Every structure is written in structure tokens, then in C-alpha cells.
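# Structural characterization, general
One letter stands for each residue in the lines below.
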Amino acid sequence: MNPKLTRRRFIKGVIASGAAATSTTIWYAANGADRPAGSVERLIRINVNGQVRSVDVAPQETLASTLRYKLGLTGTKLGCNRGECGACTVLVDSVPTYACSVLTHSMKNGLIETVEGLESPNGDLHPVQQAFVDELSPQCGYCTPGQIMAAVGLLRANPNPTREQARQGLAGNICRCGSYDSYLDGVMRAAQIG
Amino acid sequence: MAYMHIGKDFVPQDVPGKVTGRIKYSEDYARDGMVYARLLTSPIPHARVVNIDASAALAMEGVFGILTADDVYPDGEPDGTGLKILTNEPTLVGEPILALAAVDEKTAETALEAIIVTFERLPFVMDPVDSLAPGGPDAYTGGNTFVFREGFKSEKWTADQVAAFRAGSEPTAEPQQQFAYGELEAAFASSAYIYEGSFATAGYPHHSMEPRSAFAYWENGKLYLHGTSQSLTALAADMAGIVGVPIEDLVFINEATGGGFGQRARAGSIPSMAIPAKLSQKINRPVMMRVTREEEFTIGGARQGFQGWIKCGFKADGVMAAADMWILSDNGGKGGGGDAFSAADCISILYQAEAMRFRGTSIGSNTAHRGAQRGPGQNQIAPIIAPILDKAAAELGLDRLAIRMLNMPKNGDVGGPQRQPLTSAYMPEALNMGATMFNYPERITRSRQRKGSKVTGIGVGEGYHNAGRSGMDGIVRLMPDGRLAVHNGVGNLGTYSYASTSRAAAEVLQMPWERVDVISGRTDRHLPITSPQDGSNSIFTNTRTNWGAAQDLLVKMKEIAAMDLGGTPADYSVGDERIFKTADTTSGMTFAEIGQRGLQLGGKFTGEAEVPEDLNDFTKLSVSRLAGSALMGIFHDPRHNNNPPGFTATFIEIELDTETGKFDIIELVTIGECGTVVHPQGLKNQLVGGAVWGIGLSALEQHLYDPQNGLPASTGYWQSKVPTILDTPSKIQTGWVDLPDPENPVGARGIGEPSMGAVSAALTAAISDALDGHVFNAAPITADMILNHLAGITTDAVPLAQNNYRG
Amino acid sequence: MVATSHDVMPDIELYQPTDEANALALAGTLGRDGWLLGGGQDTFGWLKDRNKTPAAMIELTQIDAWKGIKEIADGIEIGAVTTLTEIANNPLVQSRYGLLAQAAGHVASPQIRNVGTLGGNLVQDARCWYYRRGLDCYRAGGNICYADSPQGLNREHAIFGASRCVAVSPSDTAPALVALEATMVVQSESGQRLIPAQDFFVGPARDIVNMTVLNAGEILTAIRIPNTWANAEFYFEKVADRNVWDFALVSVAAVMKVSGGVIEDARIACGAVECVPRRLEAVENALRGQQRSEQLANQAAAIASEGARPLNYNHFKVPLMENLVKRAVRGQA
């Protein structure tokens, strides 16, 4: 253990690592200007899976980061953290979105939905979840939450897609196991269940 | 054969967790006081670390400590090309040098930037052939190749030998490895058609979707390691050694792994898991080591590329008389593999060459860490051999399906240099089933038909991998409530074999599936050793063990019944969760009653006595921890005979656009031949999944490294061209032969790898067909290569390029 | 030397102005230190990699005046902060300017289109992998080009207009807007500029570090498309390695007025062959007034590739560009 790391320095470290002490803020402070209009407040209320939560969110924090580390919703996965795989797909106002590639502050006025919020209160699986179970769509499961959210978004916008439309809807979700065929079977089955 | 469970679908118990997000991968865990570790990796392809000055970093707020190679290897880094946990002599860009733990990742990154590492730059090489040239750079400090039991060597060819190979001639250098069988010269002499040419296949990364993050903490002297692996017990057993902790003090937790594909099966492939373990020990905090996508690219494993030469001879009737292969394998910056040998072995099995010679050499390059990847060797050679077969068929006036049926493996055939018999082989059935489903006779007439700028291509492909091992252990328990607990050490990488192999135990006892609990996911649930979950082997290997363990349990159950109700064990039958007298079904005991009696009796019934001597030590430990808890069945599987194969036959129709170099897959039919089908949905997933991988190998994926500075150009998902849903057909037609294999109690064999090779073979053959039989002798064949070919542009062509474009 | 893979967002301030004046003031004050944020799909990678280090992000997505699609006197105006999905699905755009709907619908992947904006797609930075990796090339302010070298991995790079830098224009919508004769509306604290689409993009000969003519403090706020080419014949095609996510190897966007088989007028632009969308004026001149035919298509193709100077690995772009131009002239694949 680092002998220089006293409890006091540790606490200072925690606070310092979260604060946005940037050159801009310093510029404004040095010039006696008020905090510029439009800069963000850290403490925000966001609606996740129907629940409104108060969260301290850094300006640069991605939605995936907030969901996983601040809200403990680990269903949303980090496959690449660059918007190149889709494992982090969530819904914001029913729109499929890469949580790793949007800021929480940009999405704070939206209804955010993750895979954890899909079951009904009595534990029944969402039709897409049930269809994926029935078709054994997942293999390793890592891309599954993202596929599910993309599928839910697709079916909300288009409840009766053709297989090709479903394919286009899932286009932004990589499955390294190559379970695309099984995911499509799942989406078509879910569309029938309704 | 009418089974209760075998051949029927079911919902594996982890599937609800996967669709609800409840199942946890390593990165999903958290614990009080947890800190985050990130890696400092080499920016240089080959270097020696001269000095590390971490003083500024360690003084930063929120930094807890670092772990270096010196910490991990106090007696010096192990010799060889194996991936190190940490190293002071990186041989690839991205190799981990040290790890730093901090209060969060942002702090860790900032602190890592403050560490001053002084490097001595060493020569680097991106193409193995360049290393063989006289004066060419060597990837490692000791040489460019590591010979087992001899050490590093610097192997060089003459300038003429290198030039001749680059020009497409048979290499004349002495190979490191070789085998031969049959009369090669006589076989070529009897050939009516001989094909000869060089070829190159690209290596590319595994890119499992779950990066290999790992999480570790110590409690009461025990190490709790949340890791990612294809195997559970096989990996944990060796991981203990890598971390340096007694196996009794390791709890390895791995409920699900986000894809393995060969590079998470064995502890040696994934030494990075030792980092949080050792760092956690050093700083006395739980450590979450998050691995980024770029790091997963570099240390996460990749396929060996091939630069080779092949000569095939066919008799007038189309029989493959001889095959002669010389393969230079790209060993990368770390790791390696026996891919080239496996490629030759595969040809001998799939095409039953009457005579064969294989010569191979592995040379390093300062590129990715290499290791087994889905059909290592068998699948690289698949896209190479398929167009050659079609060319032979064309030259000899044969149909291309016919030439394959003439050469395919059948029951009674042998293969490989040892001429080992196949346990069974139903390739005729697979090819016929596929041809029928595909309507081959009709579609083949459309070969090379043009429709505007589009041209039809038809391809037939075959895939093979050895698909079964033995010698592993099984443990099952009959609980006092009558439920069956199947202790399964198989890893959960997405194949569901941890569950499907457990069905064999339920089958023996005719136990309804809802009364079965598969105990798996963490080693403190006391599991038996299994083989690593690679090589398409799990279904074969672990239905044997689970069946055997259940048989042992059944014997004990009948003994108990005979003890209490009279007669001998032979007088009893099993059914409806009872053991009852065959002659008088009313006289019997329920499973629950027997379970309770077994517990009372103890001794051999509860694993406290007469435990099989030949159990693996890991299993013995698990048995000792379960002893006395319930009636137990314990089994050590003796060795099987011969080679249980997995086969796939694929038929494909494409429409290639000659103006853009792109193609659409119009129809893809793929048939699995893997003995009895245990889990139909699981098999279907392996067939469609393998198809996607095959498309990647044949048309999309390749390593690209800049020869100027050794930097990888294709690290992330986008640059690596991992196939998306829009690059694969909307519907893949699947089927299976479902005929039993004699070396497995339910007749099962594996399938995960051949399902890829067959598609790669068929797709490359179809592309070749669409281009009037032009043989690229390469994989992948990308749009630019097709456009260059059609336009007659040869300026960009570098035929034997490795880790670079091929033009 | 960078020895760690950066993967998390560093500390950076965020401004979310809700009115135009506020946004323009912030842009004016911060200049290049204020990163203009639309959907962010060409932002967070740079920031996570720490290869670009602005002090603040100025998010524009809450400014309603810069969102939406509306008819104007002589055409339509699209707010620069409108998402690509909205544009691809918009009935007005689909029915009158289908070329743009198609182009927008081909960008990246659905999720990226759902938040990515037209403005962002137009001003996005080059995708040369050397540049993206953070190497100190000309575009990054250094004095070397790694791609234009005997061993450079330049398969995706330019065949026209090389001037020390050989990166290409990666945008799918840019060639479409050049073909449609769009005008870019650019605002700053000092007022508004109207710039023809073709003049909005800039190559390395004039400016080697920027892809557009936007000055510090300026914001692209709207794109106006005139009625000139409404309901004309359109042809858009993008050829890329994979069918989603990937940038074009070559793309073509063409608008044509055809009557009785005669091409009365045409505008054609190609993407990914030059650092800017390449307007094929010589081809247009050759087409004007001519009867559509396969022979005309071939002639157009040959003119299109005149002057191409391929690098070691991108010769294929010549036949590919020729073929796409042929298809544009034919009006079909």
C-alpha cells in the first residue's frame, strides 16, 4: 500500500478526480465573469426504466458509464466503447441509441430504457425476451441486451416488419458468435406474439 | 433411438439471465473498496524496457499502486513465445508492461501517462518471409522462432530461396516439422491433373465481444477471481499455477463468457487474469482490471496467417492421388500454434489423399498474439483447397460435387499421418442432404450466368475438425429430495454444452429435466475436471463423463434398493423417478428415499470411500469437499478409440457484381455431421455462427500492420471488418445427419469448427466460380482484389503478403 | 510516447445552450477550444483517445431553430442539427430529394443515424487511420504523411487532389448535397455566410488541417436545397467493404434531368476519391444534351477517371469510380 496515501489525501483524490477543473472554468474565474450561461449542473434527475433517479453526473460522462457505474445497471455492456458494436444499445424515447457514444447530459430529458426495465412488474418477460428464449437466439449472451433493445425499438416503430426490415433494424448490432439468423427468427417470432 | 432428452430442445438455465441482463460477466461485478486497474502497454513493436520511473504516478491522488513484470516474475520471465502476464521485453505493440490501480479509470489513465518508460528499440518485422531473408529482422531477441526443448533460433534462408518462394515456387529450405505417408512420387506420376501454386491466408483477431476484463480480491487467504474463459475447471486448474496460489485456495468464478473462439480455453492464452489477482494481493484491495477493445485486439489472440505452397494431383477419375504442402506459419509476436500441421491433417481426412507430404515452419512477426482460433489450420486451408478441387473437376470434366463425393471420408476411412481410423463418418449423407436441400442439380446450371453486371457463382465446401476427447471426470449427486445435481466443469461460452452434456446424466436416470440442477459457474461448487472447451470436443467428451457418472450413481442406487428390498441389483430397473423390481414394479423406492438412504449409509455411497484412483487431482479435491453431502456418482472416463470427427457440408449460391466487386449470398445451405444430435437449437446456432465466421475468413477479415512503424491499422471492430448482419444472408438453411457414433454413449460428436470451414470453402469456391474459375489462392478475397482482377490491374498485387494487403 | 490505450472520457466542460445567440457567443469565445457537438458520433472517440483535447464541448442539439425540415421560398431548409434518421425518413425529402434521403440512410449504422446530425456528417474529420491514431502527420499539425509513402497502407485514400495529405472525404451526404446544389448557412457572432456546398469543403492544397472552410467561432446551422433538382432523376450508390458502419471506398451521387432519353442537365459528385466531394464537371459537360446509352456511359466513365493518380494500394478505386459513374449515367445498377 502506498505509504503516502493517507485517508485525507484519498478523499481529496476522489473529489478531485470527479471535478471538472478545466481551463475554461479557470478562465472565467480569473476574468471575474459569472459561470457562462448554458454550462451544466452535475446533479440531475434522469428517468431510467420508469424510475426517476437523482444522479451526480460529470459533464463528460457517457450514458453507458452512468448506467453501469452509477446506477448498477450492468445489463448494458461495453463491447468496444466506440459505437462500433452495439452491445451498449439502449432506448431513449424509444429510439435505439449507443449508450457509450452519447453523454448522459444530452439524454437527461428523455425516457431511458435498458434491458433491466423490460420485464413486466410480475416478472413476465417482454415478448422480445421470451421470443429470444424460445428461439435460443443468444449464444454467449454478451450482445444480447443490445440486440433486445434494438429489436424492441424496431417493433415499436414497426410492429409487423418483414424479415428484411428486421434485418435492417438490427444492422447496428454485431454478434461475434454469428447468431444473426437466430436473432432474426426471434424478432419475427416476437412480432407475431405482439 | 427414442430418447427422453437427447435430441430434444430445452431452455438452458442461463438463458433467462442473458435476456434479462441479470447474468454477470467479470466486468459487471463490484465490491466495496474496489479499485480500477488499467494497463500500460508497449507502443513499440519490439523493445526492451530499460527503466520505469513511476514516481510521479504513484504520488498522484487516487493512485494505489502498480504491478510490474519484476513483481510477477521475480526469477525472470519464462523462456519461450508464450504470452507473458507482464513483460519487460515486448514483442508486439500493445503488450502489457505494467498495470496501475487507481480510484477510477480516468485517474488511472492520467497516472499511466505520467509514467516514464525508457525503451531500447529493437529490430521489428511484420512479414515472416522478410525475417527469413538474410539479414532480415528477427521478431524476438534470441531469434525468429522458438523450437520446443531447444529454445530460440534465428532461422534464415538464402536470398534465392526467399525470392523463389515469393515468386510462387516450392520452398527448398529445411522445414521444422514434417510428415508423410504413401508413395508421393508415384502418386503424382499417376495423376492426370496436377495443380501447383503458392497461397496466403490472413490472420485476424478473435475479437470476442466481451473484452477479457477480470476482477480479483483476496479473503481469508483465498483468491476469488472473476474471470472469463471458455473452460471452467480446465482453466482454473492451470490458472492457480500461473497466479502462484494452491488450487485449494482459488475460487474461480465464471458464470458466462462473452465468446472464446479458441483463445480463452487454456490459462496460457489468458495470463492477464493473473494481473488483478497479483495486484490485489499487493495493494490489499479488490481490483477490477478492465481491458479495452484495443487491448483485446492485441492480447486477445488471433489466427496464425499462412504463406504456403501446395501441389495436388488428381487421377483421371477425379480421385485425389497426392497432396504436398509447405506452410510457413506466422507465429506473431507471442503465442503460436500447430495450425499448419492441422491443415495438412485436415486435407488427408476430408479428401482422403492417397499420398501426402507436409512440411512446415513457424516464424515470428511483431504482430498480434497468436493462438488457436476456430478451426486453427483446418479452416485456413479450407478456402485454398476448394477452388483447387473445382479446377481439377473442370480439367477432368467432372461435376464439382461429384469430385467431392468421390474423395469424401466415409465409415471405415482413416486419416492423418498416423492413418488413424475415424470412429464414424457420414459425409456421403451430409453432402447428399445438402445437395437436395440446395437443389444442386438445378442451381449448378446457373453457374456463371450473367444478368447485367451480376454473375452467379456456385460453391460447395467441406469442413472438418477432430471432435472429441476423453479421460475426463464426472460427478453427479442424488439429493435427499430426489433431485439430480450434475456437477459440470464445462465452461459457458455460448455453446450451452455445459447444459446439453448434463442431459446425458438425466437420460441415464430417466430424470425429468425440471428435476435436474446443473451445478457449474464457479469452482467452489466443487466440479470435476474437464478438457478445455476448445477443438469442438465438449459434447463428445462430457456426455461420456456425465453418462458414466450417472451410471455409477445408478449402480449404487440399485445396490441400495437390493439392500433394502431384497434380490440383487440386476433385478432392478429405473423409471418415473423410482428404482423398482423389474418383475414387480410395485416394489421399489423413490429417488428421494434412495437419496436419503445413501446419505445414511455414507462410505462409498457418499464419496467418502472407494473413490476411483485415477481421478484427476482437481476432481479429487472437489469430491473430498462434497464427500458426505449426498449419494454420489463418480466417474473417470477411460480413453476412447480412434478419431471422432466433426464434419460440415455447405452449398452456396452468390451473385457477384462485377462492377463493384461486392456479392450477395442468394442461398446458403449448411449440413452438420456430428453424430447423434444432442441439442438441435444448440447445433443450429453452431452452424449459423460458423457460417458467419466463414464469411469473415473468406471475404472480410485480415490483420493490417504498417511496415514503416509496426503499428496495427485494424484494431477495433470497424477496422477489423467483423461481419455484420447485413454481410450475411437473411436466412441460412440448416440440417443435420443425426447418425450415431460408436465411441460415445449417446452417439454424439462436436461441430463448432467445421461449421466455419465448410462455409469458407464454399464461399471462396463460389467467388472463384463467378470469376470464371480464377483462383486467388488467398483469404480474404476483398472487393478491391476482385476489381483489380477484373480490370487487369496487377500493380498492387503482393501475392505472399502477410499482415498487409494482397492487392 | 503514448503507452496506454485511452478509453474513458477525460475531464471536459459541457455547455448546452438553448438559444442561438448563446451558442454563437460560446463558439466565439472558445473558438477552436470549444468543440461543436451535434450527435457526437465523431467526437467521443477523439476525446476518449485523448488525441484531441478541447477545453469544452458546446452541444447544439437543444437549439430548436437549427433543427427540422421546412419548405422555404425556393426549396427546403434542413437544420444542421437534424438527425440523419429524420432526414432519411422525411416524406418531403424522400419525395423531392430522394438522393439525400438515400445518402443519409447509408451513413454508418441505425443507432448512429438516430443521434448523428446532418451537420455533423458534413463537417466530420478525415478517417485516415494514421491520423486517427494520433500520429503527428500534416493534418495533425506535423510535417509528414505516413499514408503517401512507398509502404503506406493507403487502400482507402485519395486518387485525386493529393497535396502532401491523401485523406479522403468520408461523408455520404456531402456528395449528395454537392449534386443537389445545396447552400450551407454558416453563422457566427459577426453574422451569416452562405456558402455553396461545393465550396464548403476544402482540400489539403488550401488547408491541410481542416476539412471545411469553417473558421473558429463559426457554426454550420442549416443546409438549403433549391428547387432546381427537385424530383429529378437521382442515383446514389456507396460501395464499402461491409454493408453497415463502413465508410465508402467510392460513392457516387448524381442528379439528372432526362427527357425522352436525352440528358438535359446533370450534376455528379463522387465521395471518397479526394479530400473533398469530387464534382465531375467534365463528365457533366459530356453528358449534357446527349442520348443516354451504354456508349455514353463508358465515355463518361473514362472522363471521370482522367487525371487519377493512385497510390500503392488503391488502384482499384479507378475502375470502381468508373463503374459507379457508368451506373449513374445508366440510372441503375
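Residues numbered from 1 in each chain as written. Chains lettered and ligands numbered in written order. Predicted model: local features only at pLDDT ≥ 70, side-chain atom pairs only at ≥ 80, totals over all residues. Heavy atoms only, no water.

## Let's talk about the overall build of chain A
Helices and strands together make up the secondary structure of chain A, namely 8 helices and 5 strands. Moving toward the C terminus, one meets the helices and strands of chain A in the order α-α-β-β-α-β-β-α-β-α-α-α-α. Residue burial in chain A is summarised as follows: out of 194 residues, 60% are buried. By sequence separation, contacts in chain A at least 24 residues apart represent 55% of the contacts at least 6 residues apart. (Helix = DSSP H or I, 4+ residues; strand = E, 2+ residues; numbered from the N terminus. Buried < 20%, exposed > 50% of the residue type's maximum accessible area, 1.4 Å probe, protein only. Contact = heavy atoms within 4.5 Å.)

## Digging into the sheet that holds strand E2 (residues 51-56) of chain A
Residue and element names in this part refer to chain A. Sheet architecture is open: 5 strands sit in the order E2-E1-E5-E3-E4, paired in mixed fashion. Edge positions in the open sheet fall to E2 and strand E4 (95-98), since each of these has one partner strand only. When strand polarity is set aside, the average angle formed by the axes of neighbouring strands in this sheet is 40°. By the bridge criterion, 4 bridges tie strand E3 (residues 89-92) to E4 in an arrangement that is antiparallel. Across the sheet, the residue bridging to Val90 is Thr97, located in E4. Lying over the sheet, helix H6 (residues 144-157) contacts E3, E4 and strand E5 (111-113), oriented at roughly 35° with respect to E3. (Pairing = 2+ DSSP bridges. Axes fitted to C-alpha atoms, helices over the stretch in contact; angles between N-to-C directions.)

## A look at the domain arrangement of chain A
Residues and elements named next belong to chain A. Taken domain by domain, chain A consists of domain 1 (26-79 + 99-117) and domain 2 (127-193). Inter-centroid distance (C-alpha atoms) of domain 1 to domain 2 is 28 Å. Summed over both partners, the interface of domain 1 with domain 2 comes to about 570 Å²; 60% of that surface belongs to carbon and sulfur atoms. For domain 1, the biggest contributors to the area lost against domain 2 are Lys77, Glu113 and Val115; these three give 77% of the whole. Seen at the junction of domain 1 and domain 2, the total is 1 salt bridge. Counted by class, the side of domain 1 that touches domain 2 contains 2 nonpolar, 3 polar and 2 charged residues. (Domains from an automatic or database assignment. Buried area = accessible area lost by both parts, 1.4 Å probe. Salt bridge = Lys/Arg side-chain N within 4 Å of Asp/Glu carboxyl O. Nonpolar A, V, L, I, M, F, W, Y, C, P; charged D, E, K, R; others polar.)

## Overview of the interface of chain B and chain A
Taken together, the contact between chain B and chain A spans 70 residues of the former and 60 residues of the latter. In this assembly, chain B packs against chain A so that about 5,200 Å² is buried in total across both faces, 54% of it on carbon and sulfur atoms. Taken as a group, Val19, Met209 and Ile725 of chain B account for 16% of the area that chain B buries against chain A, more than any other trio of residues on that side. Our enumeration of links across chain B and chain A arrives at 9 salt bridges. Residue Glu701 of chain B pairs with Arg176 of chain A through a salt bridge whose shortest N-O separation is 2.9 Å. Counting the contacts that link chain B with chain A gives 33 residue pairs in polar contact (both at pLDDT 80 or more). In terms of residue count, helix H21 (residues 680-699) of chain B provides more of the side of chain B that touches chain A than any other element does, 9 residues in total. In terms of residue class, the side of chain B that touches chain A is built from 31 nonpolar, 21 polar and 18 charged. (Polar contact = N/O pair within 3.5 Å; in protein donor to acceptor, adjacent residues only side chain to side chain.)

## Notes on the nonpolar core
Core analysis: the largest hydrophobic core is formed by 154 residues, its most contacted members being Leu177, Met184, Ile223 and Ile225 of chain C. Looking at this core element by element, the count peaks at 8 residues for helix H18 (residues 538-565) of chain B. Sequence-distant contacts of Met184 of chain C, defined by excluding residues within four places in its chain, comprise Leu122, Leu177, Arg193, Leu194, Ile195, Ala197, Phe200, Phe201, Leu220, Ala222 and Ile223 of chain C. Listed in part, the 55 residues of the second largest apolar core include Tyr195, Cys346, Ile403 and Tyr464 of chain B. (Core = buried A, V, L, I, M, F, W, Y, C linked by side-chain atoms within 4.5 Å.)

## Section: the interface of chain C and chain B
Put simply, an interface is often sized by how much accessible area is lost when its parts join up. Contact residues are listed per partner, giving 48 residues for chain C and 53 residues for chain B. Both faces considered, chain C and chain B share a buried interface measuring about 4,300 Å² in area, 54% of it formed by carbon and sulfur atoms. Across the chain C-chain B interface, the total number found is 11 salt bridges. Put simply, Glu294 of chain B and Arg133 of chain C hold a salt bridge, and the shortest N to O gap is 3.4 Å. Put simply, chain C and chain B have 28 residue pairs in polar contact (both at pLDDT 80 or more) between them. A per-element tally of the side of chain C that touches chain B places helix H13 (residues 317-330) of chain C first, with 7 residues. Looking at the side of chain C that touches chain B residue by residue, the class counts come to 22 nonpolar, 11 polar and 15 charged.

## Some details on helix H8 (residues 233-243) of chain B
Within an α-helix, residues lying three or four positions from one another point in the same direction, as the helix has 3.6 residues per turn. Residues and elements named next belong to chain B. Listing the buried residues of H8 in full gives Thr233, Ala234, Leu235, Ala236, Met239, Ala240 and Val243. Where H8 is buried, its residues meet strand E11 (222-226), strand E12 (250-253), helix H9 (274-283) and helix H20 (617-626). Remark: Gly244 follows H8 within two positions and exhibits a positive phi of approximately 90°.

## Quick look at the environment of Asn643 of chain B
Residues and elements named next belong to chain B. By the element assignment, Asn643 lies in the loop between strand E27 (631-636) and strand E28 (645-657). A relative accessible area of 6% means that Asn643 is categorised as buried. Along the primary structure Asn643 and Thr257 are separated by 386 residues, whereas in three dimensions their C-alpha atoms are 29 Å apart. With sequence-adjacent residues up to four places away left out, Asn643 is seen in contact with Ile349, Gln420, Pro421, Leu422, Thr423, Tyr464 and Asn466.

## Topic: the domain arrangement of chain B
Residue and element names in this part refer to chain B. When its domains are assigned, chain B resolves into domain 1 (25-123 + 206-300), domain 2 (372-468 + 643-790) and domain 3 (469-636). Taking only C-alpha atoms, the centre of domain 1 and the centre of domain 3 are 38 Å apart. With 23 residues of domain 1 at the contact, the number on the domain 3 side is 23 residues. Both sides of the domain 1 and domain 3 interface together cover about 1,800 Å² of buried area, and 55% of this is carbon and sulfur. Taken together, the connections running from domain 1 to domain 3 amount to 2 salt bridges. Between Glu255 and Arg525 there is a salt bridge, with the nearest N and O atoms lying 3.5 Å from each other. Broken down by secondary-structure element, the contributors of at least two residues to the side of domain 1 that touches domain 3 are E11, H8 and E12.

## Points about unusual backbone geometry
All names here are of chain B. Residue Pro780 follows Ala779 across a cis peptide bond; omega there is 0°. Looking at the element boundaries, Pro780 is found in the loop between strand E31 (778-779) and helix H24 (783-791). At Arg419, a residue that is not glycine, the phi angle is positive and equals roughly 55°. Of note, Arg419 is situated in the loop between strand E17 (414-415) and strand E18 (420-421). Its relative accessible area of 29% is what places Arg419 among the partly exposed residues.

## Quick word on the packing of helix H11 (residues 339-350) of chain B against helix H12 (residues 378-396) of chain B
The angle between the axes and the distance between the axes are what describe a pair of packed helices. Residues and elements named next belong to chain B. Here H11 crosses H12 at 55°, and the two axes come no closer than 8 Å. The orientation of H11 with respect to H12, classified from their angle, is oblique. In the crossing of H11 with H12, the sense of the turn from one axis to the other is right-handed. Here Asp339, Ser342, Ala343, Cys346 and Ile347 of H11 lie close against H12, whose contacting residues are Gln378, Gln380, Ile381 and Ile385. Broken down by class, the residue content of the contact of H11 with H12 amounts to 5 nonpolar, 3 polar and 1 charged. (Parallel < 35°, antiparallel > 145°, perpendicular 65-115°, else oblique. Left-handed = near helix turned anticlockwise from the far one by under 90°.)

## Concerning the packing of aromatic side chains
The relation between two aromatic rings is expressed through the spacing of the ring centres and the mutual angle of the planes. Residues and elements named next belong to chain B. According to the stated counting rule, one finds 25 aromatic pairs over all chains in the structure shown. Centre to centre, the rings of Tyr140 and Phe152 are 5.4 Å apart; their planes meet at 50°, and the pair counts as tilted. Taken together, the residues span a long stretch of sequence, with Tyr140 in the loop between helix H5 (128-132) and strand E6 (145-147) and Phe152 in strand E7 (residues 151-153) at a distance of 12 residues. Residue Tyr140 is classed as buried on the basis of its relative accessible area of 5%. (Phe/Tyr/Trp six-rings, centres within 6.5 Å; stacked < 30°, edge-to-face > 60°.)

## Concerning the pattern of salt bridges
The tally for this structure, following the rule as stated, stands at 93 salt bridges over all chains. Across the pair Arg50 of chain C and Glu113 of chain B runs a salt bridge, and its minimum N-O distance is 3.4 Å. Of this pair, Arg50 of chain C sits in the loop between helix H2 (44-49) and strand E3 (56-59) while Glu113 of chain B is found in helix H4 (residues 105-113), placing the two residues in two different chains. For Arg50 of chain C, a relative accessible area of 17% puts it in the buried group. Look at Glu113 of chain B and you get partly exposed, because its relative accessible area is 44%. Among the ionic pairs, Glu577 of chain B bridges to Arg515 of chain B, the shortest N-O distance being 2.8 Å. Taken together, the positions of Glu577 of chain B in the loop between strand E24 (572-575) and strand E25 (578-581) and Arg515 of chain B in the loop between helix H17 (502-508) and strand E23 (516-519) put the pair 62 residues apart, joining distant regions of the chain. Using a relative accessible area of 24% as the deciding quantity, one classes Arg515 of chain B as partly exposed.

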